[in-house]
Amino acid sequence: MKRDIHGIEVAGLDLDSETRCGHYAGPHDIIALKFKCCGDWYPCIHCHRALAGHDVVLWPVAERDQRAVLCGVCGHRLRIADYLDCASVCPCCTAVFNSGCALHHPLYFEMKSPV
């Protein structure tokens, strides 16, 4: 299923108007991610696995300036670096994102190694 959300075509299972999907439908599950491997937007890795037909490629640390995170409330496209540093709050509309998503960052983004 594909849905236009703030002018971005997001693909996912059971999508609502703020990017919640059948896998993550809590009140704060309101982001979609642009996947490095295909350039398409999905609300979660499970939707990508179900619909994309290919493996995920992580966003490299060197590409943290890419606007690859969509706030489902206001449509602001965050740079990866801004998303990782936003403390689970949209810097544009102050909508609260699911803080538990931080546990999944390594599924989407290459993480810096500890120094």
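Please refer to the structure higher up on the page.
Residues numbered from 1 in each chain as written. Predicted model: local features only at pLDDT ≥ 70, side-chain atom pairs only at ≥ 80, totals over all residues. Heavy atoms only, no water.

Chemist: For the overall build of the protein, give the residues involved together with the corresponding values.
Modeler: A tally of helices and strands in the protein yields 3 helices and 6 strands. Mapped from its N terminus to its C terminus, the protein presents α and β elements in the order β-β-β-β-α-β-β-α-α. Computed over the C-alpha atoms, the radius of gyration of the protein is 13 Å, within 12% of the 13 Å expected from 2.2 N^0.38 for a compact globule of 115 residues. Evaluated residue by residue, the protein yields a buried proportion of 37% over its 115 residues. Of the contacts made within the protein by residues no fewer than 6 positions apart, 44% connect residues no fewer than 24 positions apart. (Helix = DSSP H or I, 4+ residues; strand = E, 2+ residues; numbered from the N terminus. Rg over C-alpha atoms; globule rule 2.2 N^0.38 Å. Buried < 20%, exposed > 50% of the residue type's maximum accessible area, 1.4 Å probe, protein only. Contact = heavy atoms within 4.5 Å.)

Chemist: Which residues make up unusual backbone geometry, and what are the values?
Modeler: For Ala-87, which is not glycine, the phi torsion reads 55° and is therefore positive. At Thr-94, a position not held by glycine, the phi torsion is positive, near 65°. By secondary structure assignment, the location of Thr-94 is in the loop between α2 (80–84) and α3 (105–108). By relative accessible area, which is 57% here, Thr-94 ends up exposed.

Chemist: Describe the pairing of strand β1 (residues 2–5), listing the residues and the values that go with them.
Modeler: Both faces of the sheet carry side chains from a regular strand, because those side chains alternate between them. Two strands pair when backbone bridges link them, and β1 and strand β2 (residues 8–11) are joined in this way by 4 bridges, in the antiparallel orientation. Across the sheet, the residue bridging to Ile-5 is Ile-8, located in β2. In this structure, the hairpin formed by β1 and β2 is closed by a connection of 2 residues, where His-6 is found at a positive phi of approximately 55°. (Pairing = 2+ DSSP bridges.)

Chemist: Account for the pattern of salt bridges, with residues named and values stated.
Modeler: Close approach of charged atoms lets side chains of opposite charge pair. Throughout the structure, instances matching the rule amount to 5 salt bridges. One salt bridge in this structure joins Arg-20 and Asp-16, with 2.9 Å as the shortest N-O distance. According to the relative accessible area criterion, Arg-20 is buried, its value standing at 14%. Taken together, the shared-partner salt bridges in this structure form one network comprising Asp-16, Glu-18 and Arg-20. (Salt bridge = Lys/Arg side-chain N within 4 Å of Asp/Glu carboxyl O.)

Chemist: Go over the packing of aromatic side chains with me, naming the residues and quoting the values.
Modeler: Applying the stated criterion to the full structure yields 5 aromatic pairs. Geometrically, the ring pair formed by Phe-35 and Tyr-42 is edge-to-face, given 5.4 Å between the ring centres and 90° between the ring planes. The residues Phe-35 and Tyr-42 share a single accessibility class, namely buried. Plain terms: the ring middles of Tyr-83 and Phe-109 are 6.3 Å apart, the flat faces sit at 55° to each other, and that makes the pair tilted. You can see Tyr-83 sitting in helix α2 and its partner Phe-109 sitting in the segment after α3, a full 26 residues away along the chain. The exposure classification of Tyr-83 matches that of Phe-109, with both residues buried. Through successive ring pairs, a cluster of aromatic residues spans Phe-35, Tyr-42, Tyr-83, Phe-97, Tyr-108 and Phe-109. (Phe/Tyr/Trp six-rings, centres within 6.5 Å; stacked < 30°, edge-to-face > 60°.)

Keep in mind these numbers describe shape, not what the thing actually does.
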